[in-house]
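# Summary of the model geometry
Chain residues, written in single-letter form:
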Amino acid sequence: MTQSKDKARFILPALVALAMMGALPASQTTAREPGTASLSLRDTFPIGSNGLCEAQILAPEPGAGLFDRRYSVICRDAAAPVGTLWVVKTGSAVPAPARFAGADARCTDGVGDAGAVTGIATAQRFSCAKDSSVLRNDLLIGNRGGRTYAASGLTAYAKALELGMASLVSDTVVPGIVEIPLTSTTDAVAFARQQAEAIAADQALIEAYRRSNAGEFAEAAEFFAASSAALAGPGAAEARLNEALQQSNLGNFAESRRRFADLRSVSATSPVLARLQRNYEAMDALNQRQSARALALLDAPLPIEFADNEALASLQIGPALAGQLASESGRITGEYALSLTPLERAQLLDGQHAYLKATVLRQMGRAEDAAGFLRTAEAIFGDVRGGRVVSIMWLRAQVLGELADLAERSGKQGEAERLHQQGITLLEATYPGSPALGTARAQLAGLYARSGRRDEALTLYRTIIADADGRAMPSLRSLLTPYFGLLIDEGRGNASAAGDLFAASQLLQRPGLAQTQAALARELSGGSDEASQMFRTATNLGRGIEQLRTLLLELETIPEPDAAQTALIAERAARLELLRQQQAEVLDKLAAFPRYRAVTEQAITLTDLQATLTEGEAYVKLATLESDAYVIYATRDAAMAWRADATPAQLDRLVSQIRESIAVVEGGQVLTYPFDIVRARELYVRLFTPVADELPKARHIVFEPDGALLKLPINLLVTDDASVAAYQARMRQKGADEYDLRGTKWLGRTTQISTSVAASAFRDVRAAPPSDGKRAYLGLGENAPIGTSTPGAARTRAAMEAGEKCLWSPNIWANPIKADELRGAAARFGEGARVLTGAAFTDNAIAALPDLSEYRILHFATHGLVTAPQPQCPPRPALLTSFDSEEGSDGLLSFAEIFGLRIDADLVILSACDTAGSATVGATREAGVTGGGEFALDGLVRAFVGAGGRTVLASHWPVPDDFNATGRLIAGLFAEDGRATAEALKASQEALMDDAETSHPFYWSAFAVVGDGAAKLAR
């Protein structure tokens, strides 16, 4: 496969730490070995090999020596630092334990293995306690080369303390596996937030730039947010500008546009900030493929320019940041040096401007003009401090990559390879193991692929995948197309190629639901015992900390708080500290259970996945890249892969056209049109041609969608041409019913279908033990009505009428869903069932149910709220309930409230509107949940999984009450005993398919089994 070199390529925005960069020493003309940079030169370093803990430098202690250093130990899931590391110049004398444990600590000598720290012949180990805490700390102290090394922290994190101290002794990261108590409820972004809050604001700004330069945009956003909240003046404006750009990098373009607009007046007061704003807004335009707008921004004159020496003097960096800059320069050069001057910063920003202009011109087809600007940019970067500015190295690598592409266009393959290699060498020295390095390597691998050097390309791509170690790297989505193409062409879709494709596809970002499913499976790994209850307590404390932290941050950003606000800040800060202490105590206890001590990533091989499948099952995974889509098909005994006969854009159009023929909201009503059977057949052919005849024969298909297919159930795809021809023939007859699709061979007619969001999550969900609930069924619905009924609203279970100021109109409570389907289902279970309606079905009452976790099936039949009341309002998914007489009831069970429920359910049935939809980042943060939100299935489905639901039955569009379609569908689930969930759904859907009135997919296709549909529906 070849990749067009003329196609505009996604350019990772070049973020440059121009405010705070030290220079490399003049003697450093060659890079060190990749990844071997001295730890004494770094503000942060990983502890161990599995990415669970990190050391962050702290401000010097009072009276500290010039070369003394101190670090916080930050680990996943722990809201506060779990320990501290020291390097202190002491000569041959070793300080007493009180120097590191605190004067009020009581320390016992000789606990455990005294010689466990690499690099120190004899290390003293102490166990320390304080009257103010129930927790015990480990303390390690050793001496080498006139320096004392120490590590103190929670006993549960002893391995992290040992490896962190050993790394400082060795002055390089010591490999090893860190075992810590882990709930799997946090991701890399949440971990970055923990780190950002553990260091000073100016250090957070430095770290933000470093991560941004390394291509870790989501993590960088957390550090920029922490610094912008704490800094003042130009430093805060700079951090806020970067926050705006991070939103663009993450695809949140409306939010990015709003933030840039808010900052223009501030940026216009400073020549440096004006340059930053200009360049960043141009990057935002490039992210949106708006080349003409980017060029206009870059060509526009600056609102302010340097005038005289007084203007320069007014731009001097503040003392807090200057101190950190001096410290950084000292560690890098061995002597204290001045930080970059405002004029040097402006010069580098002008170099960045030239680079961005070259990028735009290339995208507009003006390659010759672009080459001149690239050479200008490289010359500018080389002029400032002799080209030795550390944090500009990533941008220099980008420039080299662009020059390499131009050389390739000119047929100069050797020159292109040399330039790519030069950029990789820079990144290996400054950003080892970063997404930026992976991107640069992928660009070189793409050159090899286009040049016919298949073996070299495949080797380099496999190295990139292996080095990622299962970590999501969204930036590679645009660069993996040549690799996937090579694998398909090389292996012709065989099992080996499928395995490689499967491994690479796990680097693509997945919905946040996958993380939540993994956390639930981890909680349930030993059943519902005391340890699992402790695990749930730890996760709830983590969410509580995140919620309180967000509320506190909002208060702390008030410019001049009054007395009441000041008191509230103090009260919430005290509560936050108490929650952190409680979480530390629970995690310390949790560490006693081996199943909750994390040592591995979530990656899974294709062979491992196949081992989880049973006879007659097929796992089908879709992976959409920038220009191509690929399908991986696996059964227990075989696997293959192929390139779909459609680009992601074509798939998106097909899905949109099919959905528009199913349900469209117009004028507050849901309208249905004749189903687009032609495109449903076309989509099946384009996706599944290599297994078109085999797929309908599978007993159970587990489908992992990507891109547009996250919004469409595949049960409505048409598996043969004869069905299309028969329908079209009927439509030519007089009086034909366009909505009668009986006789169509739907994929869902012959096979059971489950939806997965990640292979590792499916594996974990399948392995989780069933509910320990003593009661079979709880039905909830039929809210107490208020307001006035809206004409047409009773047709579906969608609530769509807006009120004022981002509130819903009272009229949406006027059309309660009748509880007939709930009572019908409850009758199936007899005394083991219960139905709550009316005054018993309130948000407060549900949250207060003492036996909620005793029900194996939860069934909600009510209106779903998945959109926003007004276009300018943020959507927050919720289920409609009755109002409670108690204060605080809003008649809604929100995403956050659902996440906070304590359930232990095998199945949650959401018989409401569009419950398979997404949430928002805001809604997830309000719930104290980190990561995800923007994908389909990240809304109500994720909330109920987070509450303890193993499998969720959710809808992809407003579910209908016409012809009692939804009631009949749900009733059919419980018609027979002993069936699997997906099997029961299939049988019930078939009955509707065979009825002329309900044969249109609007009536039967909406619901999807999210989780493991092979699990029994009822026990």
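Going by the structure above, here's the rest.
Let me sum up the structure you'll find in this document. (Residues numbered from 1 in each chain as written. Predicted model: local features only at pLDDT ≥ 70, side-chain atom pairs only at ≥ 80, totals over all residues. Heavy atoms only, no water.)

Per the secondary structure count, the chain includes 36 helices and 26 strands. When each of the 1019 residues of the chain is scored for burial, the buried share is 57%. Of all intrachain contacts in the chain linking residues separated by at least 6 positions in sequence, the fraction that spans at least 24 positions is 72%. On the chain, roughly 38500 Å² of surface is accessible, and the fraction owed to carbon and sulfur atoms is 53%. (Helix = DSSP H or I, 4+ residues; strand = E, 2+ residues; numbered from the N terminus. Buried < 20%, exposed > 50% of the residue type's maximum accessible area, 1.4 Å probe, protein only. Contact = heavy atoms within 4.5 Å. Areas by Shrake-Rupley, 256 points an atom, 1.4 Å probe, with all protein chains shown as cover.)

Another aspect to go through is the pattern of salt bridges. Counted according to the given criterion, the structure contains 46 salt bridges. The residue Glu 378 makes a salt bridge to Arg 396 at a minimum N-O spacing of 2.7 Å. Linking Glu 378 in helix H13 (residues 367-383) with Arg 396 in helix H14 (residues 393-409), this pair joins segments that are 18 residues apart in sequence. Note on accessibility: Glu 378 and Arg 396 belong to one class, buried. A salt bridge links Arg 742 to Asp 740; the nearest nitrogen and oxygen atoms lie 2.9 Å apart. (Salt bridge = Lys/Arg side-chain N within 4 Å of Asp/Glu carboxyl O.)

On to the packing of aromatic side chains, then. For the structure shown, the criterion picks out 18 aromatic pairs. Measuring from centroid to centroid gives 5.5 Å for Phe 45 and Tyr 71, while their planes differ by 70 degrees, and the two rings are edge-to-face. Placement of the pair is Phe 45 in strand S1 (residues 44-47) and Tyr 71 in strand S3 (residues 69-75), with a sequence separation of 26 residues. A single burial state applies to Phe 45 and to Tyr 71, both of which are buried. Among the aromatic side chains, those forming a connected cluster through ring pairs are Tyr 461, Tyr 483, Phe 484 and Tyr 630. (Phe/Tyr/Trp six-rings, centres within 6.5 Å; stacked < 30°, edge-to-face > 60°.)

Turning to the sheet that holds strand S26 (residues 1007-1010), a few remarks are in order. Ordered in space as S13-S12-S11-S16-S17-S26-S25-S24-S20-S18-S19, the eleven strands form an open sheet in which the pairing is mixed. The outermost strands of the open sheet, each flanked by one partner alone, are strand S13 (639-643) and strand S19 (833-836). On average, adjacent strands in this sheet sit at an angle of 20 degrees to one another, irrespective of strand direction. Alignment of strand S16 (residues 700-704) against strand S17 (residues 752-755), held across four bridges, turns out to be parallel. By the bridge assignment for S17, Ile 701 is matched with Ile 753. (Pairing = 2+ DSSP bridges. Axes fitted to C-alpha atoms, helices over the stretch in contact; angles between N-to-C directions.)

Okay, the side chain of Ser 771 next. Locating Ser 771 in the fold gives a position in the loop between helix H28 (759-767) and strand S18 (775-781). Polar side-chain contacts of Ser 771 include one of 2.5 Å to the backbone oxygen of Asp 904. (Polar contact = N/O pair within 3.5 Å; in protein donor to acceptor, adjacent residues only side chain to side chain.)

Turning our eyes to something else, we now look at the state of the cysteines. Disulfide: a covalent bond formed between the sulfur atoms of two cysteine residues. Enumeration according to the criterion identifies two disulfides in this entry. There is a disulfide in this structure between Cys 107 and Cys 128, and the S-S distance comes to 2.2 Å. Handedness of the Cys 107-Cys 128 disulfide follows from its S-S torsion of about 110 degrees: it is right-handed. You can see Cys 107 sitting in strand S5 (residues 106-109) and its partner Cys 128 sitting in strand S6 (residues 124-129), a full 21 residues away along the chain. Given the relative accessible area of 30%, Cys 107 is considered partly exposed. For Cys 128, a relative accessible area of 4% gives the class buried. (Disulfide = S-S within 2.5 Å.)

When you line up the elements, Lys 357 lands in helix H12 (residues 342-363). By relative accessible area, Lys 357 is classed as buried at 14%. With near-sequence residues (within four places) excluded, Lys 357 lies in contact with Leu 295, Leu 298, Asp 299 and Phe 373.

Attention now moves to the pairing of S16. By the criterion of burial, S16 is predominantly enclosed, with five of the five residues buried. Side chains His 700, Val 702 and Glu 704 project from S16 onto one buried face, and the interleaved Ile 701 and Phe 703 project onto a second face that is buried too. As paired strands, strand S11 (residues 617-624) and S16 are joined by five bridges and run parallel to one another. Looking across to S16, one finds that Glu 617 is bridged to His 700.

Another point: the nonpolar core. Grouped together as the largest cluster of nonpolar side chains are 93 residues, with contacts concentrated most on Leu 427, Tyr 461, Leu 476, Leu 480, Tyr 483, Phe 484 and Leu 609. Among all residues touching Tyr 461, those that are not within four sequence positions of it are Ala 442, Ala 445, Gly 446, Leu 479, Leu 480, Pro 482, Tyr 483 and Leu 486. By size, the runner-up hydrophobic cluster in this structure holds 74 residues, among which are Leu 654, Phe 688, Tyr 727 and Ala 825. (Core = buried A, V, L, I, M, F, W, Y, C linked by side-chain atoms within 4.5 Å.)

Keep in mind these values describe shape, not function.
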